[in-house]
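Understanding the architecture of this molecule
Spelled out, the chains give:
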Amino acid sequence: MNGGCRAGWFMWSLLWGELRAAAGPRRLRCRSAAFLSSGGDAVSPGPACGDPPGHMERAVVRCVPSEPKMSLWFVLCDGSAKHMQRDQTEPLGRALARIATNAGKGHAKAAKKSKKARAEAGPAGEPVPTAPLAVRLFSRDGESVAEDVSNAEAWQDGAVLQIGEVKYQVERNPPSVIELQLPRSLLAGFPVCPKIHTEFGAPQHSLFRWYREQPGGGGDEPSPGDAIWVEAPVRDRVFTPTNAHIGLRLKLHCTPGNSQQRYGLPREVESSGPVEAGPGACTFDSRHLYTKKVSGEGLIRTVSYNVLADIYAQTEHSRTVLYPYCAPYALEVDYRQNLLKKELAGYSADLICLQEVDRSVFAHSLAPALDAFGLEGLFRIKEKQHEGLATFYRRDKFTLLSEHDIAFNEALVSDPLHKELRDKLAPYPLAQEKVLQRSSVLQVSVLQSTNDPSRKICIANTHLYWHPKGGNIRLIQIAVALSHIRHVTCDLYPGIPVIFCGDFNSTPSTGMYSFINSGNIAEDHEDWVSNGEEERCNMSLTHPFKLQSACGEPAYTNYVGGFHGCLDYIFIDINALEVEQVIPLPSHEEVTTHQALPSVSHPSDHIALICDLKWK
């Protein structure tokens, strides 16, 4: 079974469970088998027995052209849910014959249990044999579908499947929920963003209903099934619990939908634990006062933020050496993600460039959460690492044209763009080896304005080598980055401006910062010997851009126990863009309330940079 088929099977096995749950102990009210059987004559699609006129059961069909089989789910009159997989090219008649066999078995099984069947049993105690049920498929126009038609063509949306006198409305590829999860950690005052994955639908077109647990509804130690749920007056995808919800679990009821207002079977999920008290005031609360609304037309609110990867925050070295001042629970990923999601959502950004994003955090936390706030996410993993870069853009402001990500070491070795740099580096084998050992990457995305398609922009995002003595390595990395960005903005999309975000691990006094701002670096700059004479790699470099730091040179963007300094920047193309406003950083008092970062009120050891840019 190929990957697509396996994914389809998994998703539709969930749907089968929903159908079974929907059926529950209920039974369709059917008459005797003798009445239901038609002796092989055509059966018109009349009303199901015992049901009001016009009522129909559901027969759900999943039929995807790229897969060889189609799937069919329905509930028989005895309450049993049936799941069938048939070849799409198979004639309809064979599928209907199989349905008749299954329906006959189900009816015979129910008959054996009925008192009436036992009363009518012969001397040997066997039930009276019944004729097979007639099974037909009718088109939306009421015409019987020919049995030589293929399954793929026959099972159309709106067709009617009739088994005896019970009729089923065929729903072909209705919206369905593949995955629905709530975060493990819930904090009062912090948004709860469910992870939802749909097929044939979209979360933004789905319906949501939230419930809170009734206090004391299930006794002293209630089991999950004993809970009493009270609906909350919220129909949004995101729910923010209040202090009144502390100690209570939450439940989400999701009905998947699509842009045609078509809806599938609902699914529910309950939180694994109760809502807990939040930390109170956070470092970003005052910044949110400036970003309550999405920026206006022609403006681009941009965020750059190293969010501190979980693989670095949860080590013994981090807890005891790097961040001993931080409460251990505040270093846990679930806690920090609550803070981070609230912080990022509150910035109402158009572009967000993140560094140190764990692969799992992107997939299971940030991407679902920011998707709920209208942002589409792109991810680039570092080579041989579990974390990388993420770029998010606002869907109603931008569309993605293309991606041009690179790994610095691979590009330097193999891309003809960097031949001149390779030649300059060749006489310095130790420095060259150091550069090629690094796993740093560059994420490059080209976006187009939805309001003005003539406006395209290149968004670059990176995280350079971290070592304090690695200035020479960072100069090589940034030279590769700028050469690659020049190729995208001059050769592939001539004349488009660039926004270059990241954690550059370089203070304003370094050669890297000077090189970006001035456009050149001299071969005798002191950073070429940042790690001693052995790794010396003197060379002169230039680039064609006119770039400047949109947020200036803050006193620090990284504040830990043993260091504070400005390492993060949003560089902009000043030929095309200018700064409308810079969102103030948290005050020094806010940053040092708990000594340093991260803390119970700040999720990272870095501080986000935020600015509103506008086209010139």
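These lines cover the structure that appears in this document, whether it is placed above or below. All values reported here derive from a predicted model rather than from experimental measurement.

The next point concerns the overall build of the protein. Scanning the protein for helices and strands turns up 16 helices and 29 strands. Counting all 616 residues of the protein, 54% fall into the buried class. In the protein, 72% of the contacts between residues at least 6 apart in sequence involve partners at least 24 apart.

With that out of the way, let us pick up helix 10 (residues 359–372). Taking 1.5 Å of rise per residue, the 14 residues of helix 10 would be expected to cover 20 Å, and the 19 Å separating its terminal C-alpha atoms lies within 8% of that figure. Remark: the principal bend of helix 10, roughly 40°, maps to Leu366, with a proline, Pro368, within the next four residues. All of the buried residues in helix 10 are Val361, Phe362, Ser365, Leu366, Ala367, Pro368, Ala369, Leu370 and Asp371. Close packing links the buried residues of helix 10 with strand 8 (195–199), strand 9 (202–213), helix 9 (333–346), strand 14 (351–358), strand 15 (375–381) and strand 16 (387–394). One or two positions beyond helix 10, positive phi appears at Gly374, with a value near 90°.

Moving on to the side chain of Thr489. Mapped onto the fold, Thr489 is located in helix 14 (residues 471–492). For Thr489, a relative accessible area of 3% puts it in the buried group.

On to unusual backbone geometry. Residues other than glycine predominantly adopt negative phi, and peptide bonds predominantly adopt the trans conformation. Put simply, Leu597 and Pro598 share a cis peptide bond, and its omega is -5°. For Pro598, the position within the fold is in the loop between helix 16 (588–591) and strand 29 (609–615). Positive phi values are uncommon outside glycine, yet Asn173 reaches one of about 50°. Along the chain, Asn173 falls in the loop between strand 6 (166–172) and strand 7 (176–181).

Before going further, it helps to spend a moment on the packing of aromatic side chains. By the definition in use, this model includes 14 aromatic pairs. For the pair Tyr323 and Tyr325, a centre-to-centre distance of 6.4 Å together with 80° between the ring planes defines the contact as edge-to-face. The exposure classification of Tyr323 matches that of Tyr325, with both residues buried. One aromatic cluster is present, formed by Phe500, Phe504, Tyr513, Tyr569 and Phe571 through successive ring pairs. Positioned over the ring face of Tyr211 is Lys251, at 5.1 Å from the centre of the ring. Over the aromatic face of Phe190 sits the side chain of Lys342, whose NZ or CZ is 4.4 Å from the ring centroid.

At a minimum axis separation of 10 Å, helix 9 and helix 10 run at an interaxial angle of 30°. By the angle class used here, helix 9 and helix 10 are roughly parallel. With respect to the hand of their crossing, helix 9 and helix 10 are arranged in right-handed fashion. Every residue of helix 10 that contacts helix 9 at Val333, Gln337, Leu340, Lys341, Leu344 and Ala345 is listed here: Val361, Ser365, Leu366, Ala369 and Leu370. Among the residues forming the contact of helix 9 with helix 10, the class breakdown is eight nonpolar, two polar and one charged.

This brings us to the sheet that holds strand 12 (residues 267–270). Strands in a sheet are paired, the pairing made by backbone hydrogen bonds, and the direction either parallel or antiparallel. With antiparallel pairing, the four strands of this open sheet are ordered in space as 10-9-11-12. Looking along the sheet, the strands with just one partner apiece sit at the ends: strand 10 (229–231) and strand 12. Mean inter-strand twist for the sheet, computed between neighbouring axes without regard to direction, equals 35°. Strand direction decides the pairing type here: strand 11 (residues 250–257) and strand 12, joined by four bridges, are antiparallel. By the bridge assignment for strand 12, Lys251 is matched with Glu270.

To continue, consider the side chain of Glu343. Here Glu343 shows up in helix 9. Put simply, Glu343 is tucked away with no salt bridge, and the nearest opposite charge, on Arg287, sits 4.8 Å away. In terms of polar contacts, Glu343 uses its side chain to reach the side chain of Tyr305, at 3.0 Å. Leaving out residues up to four positions away in the same chain, Glu343 has contacts with Phe284, His288, Tyr305, His602, Pro603 and Ala608.

A separate point is the packing of helix 13 (residues 429–437) against helix 14. Helix packing geometry: the angle between the two helix axes and the distance between the axes. Here helix 13 crosses helix 14 at 65°, and the two axes come no closer than 10 Å. When the interaxial angle is binned, helix 13 and helix 14 end up roughly perpendicular. Both helix 13 and helix 14 take part in a crossing whose hand is right-handed. On helix 14, the residues that touch Ala431, Lys434 and Val435 of helix 13 are Asn472, Ile473 and Ile476. For the contact of helix 13 with helix 14, the per-class residue count stands at four nonpolar, one polar and one charged.

Cut-offs and rules
- Residues numbered from 1 in each chain as written.
- Predicted model: local features only at pLDDT ≥ 70, side-chain atom pairs only at ≥ 80, totals over all residues.
- Heavy atoms only, no water.
- Helix = DSSP H or I, 4+ residues; strand = E, 2+ residues; numbered from the N terminus.
- Buried < 20%, exposed > 50% of the residue type's maximum accessible area, 1.4 Å probe, protein only.
- Contact = heavy atoms within 4.5 Å.
- Expected span 1.5 Å × (residues − 1).
- Bend = angle between axes of the 7 residues up to and from the residue.
- Phe/Tyr/Trp six-rings, centres within 6.5 Å; stacked < 30°, edge-to-face > 60°.
- Lys NZ or Arg CZ within 6 Å of the ring centre and 35° of its normal.
- Axes fitted to C-alpha atoms, helices over the stretch in contact; angles between N-to-C directions.
- Parallel < 35°, antiparallel > 145°, perpendicular 65-115°, else oblique.
- Left-handed = near helix turned anticlockwise from the far one by under 90°.
- Nonpolar A, V, L, I, M, F, W, Y, C, P; charged D, E, K, R; others polar.
- Pairing = 2+ DSSP bridges.
- Lys, Arg positive; Asp, Glu negative; His and termini not counted.
- Salt bridge = Lys/Arg side-chain N within 4 Å of Asp/Glu carboxyl O.
- Polar contact = N/O pair within 3.5 Å; in protein donor to acceptor, adjacent residues only side chain to side chain.

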